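Structure at a glance
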Amino acid sequence: APRRNDNLWNVTFYKNGKMHGHFWRGCLGGGYMTGVSEDNEITGDNITFLFPNLKDGILGKFVNGKLISGVNVKLVNVEIVNGIAIGSFSRPMNASVLIRDNSTPYSLSMHPLQPDIDEHARVEVKQSNTPDSGEGLFAK
């Protein structure tokens, strides 16, 4: 299993060795998954991936911790219930539904132009310093 030394990795209650009720699981690269587990897995129709900015999220269907489909939401409130934080999320930010887009050995993406809501906070397009190379995508 991957190791994280810089941040919280997992918060949940266990009952008889199984996840019980609400959970928070840290993700490599930042962000958290949160919701109520089904059958001791991060599976369900009401799971949220919360981006590292801790404001934006994708709420939807996850199976074994992987997005199947979801919508963009915002974290609007956090309430402590029985000692665990429970997030409340906005209605969908737009009508578009995000679908898991697996890469293959032959294709990076079926939908390469689908925007990432967090992308503009992390990268920018600007002129490259390399001669005759045009513009490039650069980390902020």
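All figures in this text were calculated on a predicted structure; none of them were measured in a lab.

**A word on the overall build of the protein chain**
Tallying secondary structure elements over the protein chain gives one helix and ten strands in all. In sequence order, the protein chain lays out its α and β elements as β-β-β-β-β-β-β-β-α-β-β. Principal-axis analysis of the C-alpha atoms places the extent of the protein chain at approximately 65 × 35 × 30 Å. Within the protein chain, buried positions represent 28% of all 140 residues. Long-range contacts, defined here as pairs at least 24 residues apart, represent 21% of the contacts in the protein chain between residues at least 6 apart. Accessible surface, the protein chain as shown: approximately 9800 Å² in total, 53% of it carbon and sulfur. Mean positive and mean negative side-chain charge positions of the protein chain (14 and 14 charges, respectively) differ by 6 Å.

**Thoughts on the nonpolar core**
Core analysis: the biggest nonpolar cluster contains twelve residues, these being Met19, Phe23, Cys27, Met33, Ile42, Ile47, Phe49, Phe51, Ile58, Phe62, Leu67 and Leu98. Of all elements in the fold, only strand E2 (18-26), strand E4 (44-50) and strand E5 (56-63) reach the threshold of two or more residues within this core. Sequence-distant contacts of Leu98, that is, excluding residues within four places in its chain, are made with Ile58, Ile68, Ser69, Gly70, Asn72 and Gln114.

**Let's talk about the packing of aromatic side chains**
Remark: the centre distance and the inter-plane angle together describe each pair of aromatic rings, the angle taken between the planes. In the structure shown here, the tally under the stated rule is two aromatic pairs. Between Trp24 and Tyr32, the ring centres sit 6.2 Å apart and the planes meet at 75°, which makes this aromatic pair edge-to-face. Measuring from centroid to centroid gives 5.1 Å for Phe49 and Phe51, while their planes differ by 80°, and the two rings are edge-to-face. A residue is classified by how much of its surface remains accessible, and Phe51, at 9% relative accessible area, is buried. Lying across the ring of Phe138, Lys126 places its NZ or CZ 5.3 Å from the centre.

**Things to note about the pattern of salt bridges**
Under the defined criterion, the tally for this structure stands at three salt bridges. Between Lys18 and Asp39 there is a salt bridge, and its shortest N-O distance comes to 3.9 Å. Of this pair, Lys18 sits in strand E2 while Asp39 sits in the loop between strand E3 (32-36) and E4; the two residues are 21 residues apart in sequence, bridging distant segments of the chain. In this structure, Asp56 and Lys74 form a salt bridge, with 2.5 Å as the shortest nitrogen-oxygen distance. Placement of the pair is Asp56 in strand E5 and Lys74 in strand E6 (residues 66-81), with a sequence separation of 18 residues.

**Side note on the confidence of the model for the protein chain**
Averaged over every residue, the pLDDT of the protein chain is 86; residues scoring 70 or more account for 92%. When pLDDT is averaged over each helix and strand of the protein chain, the minimum, 75, is found for helix H1 (residues 119-122) and the maximum, 95, for E5.

Rules of the game
- Residues numbered from 1 in each chain as written.
- Predicted model: local features only at pLDDT ≥ 70, side-chain atom pairs only at ≥ 80, totals over all residues.
- Heavy atoms only, no water.
- Helix = DSSP H or I, 4+ residues; strand = E, 2+ residues; numbered from the N terminus.
- Buried < 20%, exposed > 50% of the residue type's maximum accessible area, 1.4 Å probe, protein only.
- Contact = heavy atoms within 4.5 Å.
- Areas by Shrake-Rupley, 256 points an atom, 1.4 Å probe, with all protein chains shown as cover.
- Lys, Arg positive; Asp, Glu negative; His and termini not counted.
- Charge placed at Lys NZ, Arg CZ, Asp CG, Glu CD.
- Core = buried A, V, L, I, M, F, W, Y, C linked by side-chain atoms within 4.5 Å.
- Phe/Tyr/Trp six-rings, centres within 6.5 Å; stacked < 30°, edge-to-face > 60°.
- Lys NZ or Arg CZ within 6 Å of the ring centre and 35° of its normal.
- Salt bridge = Lys/Arg side-chain N within 4 Å of Asp/Glu carboxyl O.
- pLDDT = per-residue confidence, 0-100.

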